[in-house]
Amino acid sequence: MLLDVQNLTTRFHTHDGEVFAVNDVSFHIEPGECLGIVGESGSGKTQIFMSIMGLLAKNGTAEGDVLFEGKQILGLSTAQLNTLRGVEFSMIFQDPMTSLNPYLRIAKQMTEVLVAHRGMGEKDAEKASIELLDLVGIPESKKRFRMYPHEFSGGMRQRVMIAMSLLCQPKLLIADEPTTALDVTVQAQIIELIARLGRELNMATVLITHDLGVIAGLSDRVLVMYGGRIVEEAAVRELFHDPQHPYTRGLLDSMPRLDDSSRASLYTIPGQPPNLQALPDGCSFAPRCTHTMEICRKQRPLLQKIAAGRTKACHLENVS
Ligand code: SF4
């Protein structure tokens, strides 16, 4: 097992009270596996990995166990984490400009990492960097290697960011909504690129997204998150063909389908995501669910195994 997360709980302390961003979340990632994490904004999906990477805002605290190759990494000091971040695991964010230095040429930003972390000489670092730019599909890589980040288009910048995240050959690459700012065609190319790199480099990948369509056919397994909790987990095929949680069903129904012309307009799940400062005692999805029963408002459904490799947190036995 590459990453083993047990009972991860993340809180933010604000003037208005505590925000319960991640609530007792447990999951694992195997080497080379592609895991999709899906949920609306505020579902906790990003904060899981900000907690793991030690990148929480100052008012955030995380508790639980996070084992990377069997070693506890939650609560490590910044200095200790700096030996792991970008080396053993890397994270790509929505806006590459937040991670790239606008004042430095790509060449400088890439070779610096290779010299510092992999002990390469300048010439070898240049060669390895250009090879990585080729690998992520940057045309005229030798020329573009000397350019500044603002000279690249949004899609190309995201490719540069992916190349940078691969410099130290991490075992785990986390991509957080890596395509939201890009147009649809470029989105598909970037997601496919990440999934392909994962396979070719035998690197585990996590695709975090609010859009189930983005990970269809690319991830091996999917976690669906709602209100800071995992509400369903399944192999991607099973999730798409037989969703077992009403929220997952709603997400699937919200996806545009080319093969169904009978649907004149897109379905949207009614209502709003829950207030993370005042989560209900029962099921967080109850106010929006079309199957709500009495028990749902009183008792929170626990995440339970329903078949091999499948779990769900719902009082309903079957979602048709
Ligand atoms: Fe809907 Fe009840 Fe299941 Fe919650 S527990 S998703 S309210 S059926």
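Residues numbered from 1 in each chain as written. Predicted model: local features only at pLDDT ≥ 70, side-chain atom pairs only at ≥ 80, totals over all residues. Heavy atoms only, no water.

**Quick notes on the overall build of the protein chain**
- Assigned secondary structure in the protein chain consists of eleven helices and twelve strands.
- Reported as C-alpha extents along the three principal axes, the dimensions of the protein chain are approximately 70 × 50 × 40 Å.
- Relative to its 320 residues, the protein chain shows a buried fraction of 48%.
- Summarising the internal contacts of the protein chain: among those between residues at least 6 apart in sequence, 63% fall at separations of at least 24.
- Total accessible area computed for the protein chain in this model is approximately 15700 Å², and 51% of it derives from carbon and sulfur atoms.
- In the protein chain, the 32 positive side-chain charges and the 37 negative ones have mean positions that sit 3 Å from each other. (Helix = DSSP H or I, 4+ residues; strand = E, 2+ residues; numbered from the N terminus. Buried < 20%, exposed > 50% of the residue type's maximum accessible area, 1.4 Å probe, protein only. Contact = heavy atoms within 4.5 Å. Areas by Shrake-Rupley, 256 points an atom, 1.4 Å probe, with all protein chains shown as cover. Lys, Arg positive; Asp, Glu negative; His and termini not counted. Charge placed at Lys NZ, Arg CZ, Asp CG, Glu CD.)

**Regarding the pairing of strand S2 (residues 17-29)**
- The pairing of strand S1 (residues 3-14) with S2 spans nine bridges and is classified as antiparallel. Paired with Phe 12 across the two strands is Val 19, which belongs to S2.
- Linking two consecutive strands that pair antiparallel, namely S1 and S2, is a turn of two residues. (Pairing = 2+ DSSP bridges.)

**Considering the pairing of strand S6 (residues 89-92)**
- The side-chain alternation of S6 yields two buried faces, one formed by Phe 89 and Met 91 and the other by Ser 90 and Ile 92.
- In this sheet, strand S7 (residues 172-176) lies alongside S6 in parallel orientation, the contact comprising four bridges. Bridging across to S7, Ile 92 finds its partner in Ala 175.

**Quick notes on the site of the ligand**
- Close contacts around the ligand come from 13 residues, with Cys 283, Cys 289, Cys 296, Cys 314 and His 315 the closest.
- Per-class residue counts for the shell around the ligand are nine nonpolar, four polar and no charged. (Near = heavy atom within 4 Å. Nonpolar A, V, L, I, M, F, W, Y, C, P; charged D, E, K, R; others polar.)

**Notes on the packing of aromatic side chains**
- Across all of its chains, the model carries five aromatic pairs by this definition.
- Residues Phe 68 and Phe 89 carry aromatic rings whose centres are separated by 5.0 Å and whose planes lie at 70° to one another, so their mutual orientation is edge-to-face. Linking Phe 68 in strand S4 (residues 60-68) with Phe 89 in strand S6, this pair joins segments that are 21 residues apart in sequence. The pair formed by Phe 68 and Phe 89 is uniform in burial state, with each residue classed as buried.
- Joined through ring pairs, the aromatic side chains of Tyr 226, Tyr 247 and Phe 285 make up one cluster. (Phe/Tyr/Trp six-rings, centres within 6.5 Å; stacked < 30°, edge-to-face > 60°.)

**Some remarks on the sheet that holds S1**
- In space, the four strands of this open sheet follow the order S2-S1-S4-S5, with antiparallel pairing throughout. The sheet terminates laterally at S2 and strand S5 (71-72), the two strands that pair on one side only.
- Those strands touched by helix H1 (residues 45-52) are S1, S2 and S4, and its axis lies near 100° from that of S1. (Axes fitted to C-alpha atoms, helices over the stretch in contact; angles between N-to-C directions.)

**Some words on the nonpolar core**
- Counting residues in hydrophobic clusters, the biggest one holds 58 residues, and the most contacted among them are Ile 162 and Leu 212.
- Setting aside chain neighbours within four positions, we find Leu 212 in contact with Val 38, Val 222, Leu 239, Phe 240, Thr 248, Leu 251, Leu 252 and Met 255.
- Counting 34 residues, the second largest nonpolar core, distinct from the first, contains Phe 49, Met 53, Val 206 and Ile 208. (Core = buried A, V, L, I, M, F, W, Y, C linked by side-chain atoms within 4.5 Å.)

**A short note on helix H6 (residues 154-165)**
- Compared with an ideal rise of 1.5 Å per residue, which puts twelve residues at 16 Å, H6 spans 17 Å between its outermost C-alpha atoms and is within 8% of the ideal.
- A large share of H6 lies buried, amounting to eleven of its twelve residues.
- Each element contacted by the buried residues of H6 is listed here: S6, helix H3 (106-118), helix H4 (122-135), helix H5 (141-144), S7 and helix H7 (184-201). (Expected span 1.5 Å × (residues − 1).)

**Details of the pattern of salt bridges**
- This model, assessed by the stated rule, comprises 16 salt bridges.
- Between Lys 143 and Glu 140 there is a salt bridge, with its nearest N and O atoms 3.6 Å apart. Note on accessibility: Lys 143 and Glu 140 belong to one class, exposed.
- We note a salt bridge from Arg 221 to Glu 233, for which the minimum N-O separation is 2.6 Å. With Arg 221 in strand S9 (residues 221-226) and Glu 233 in strand S10 (residues 229-235), this residue pair connects regions lying twelve residues apart in the sequence. The two residues Arg 221 and Glu 233 agree in class, both being buried. (Salt bridge = Lys/Arg side-chain N within 4 Å of Asp/Glu carboxyl O.)

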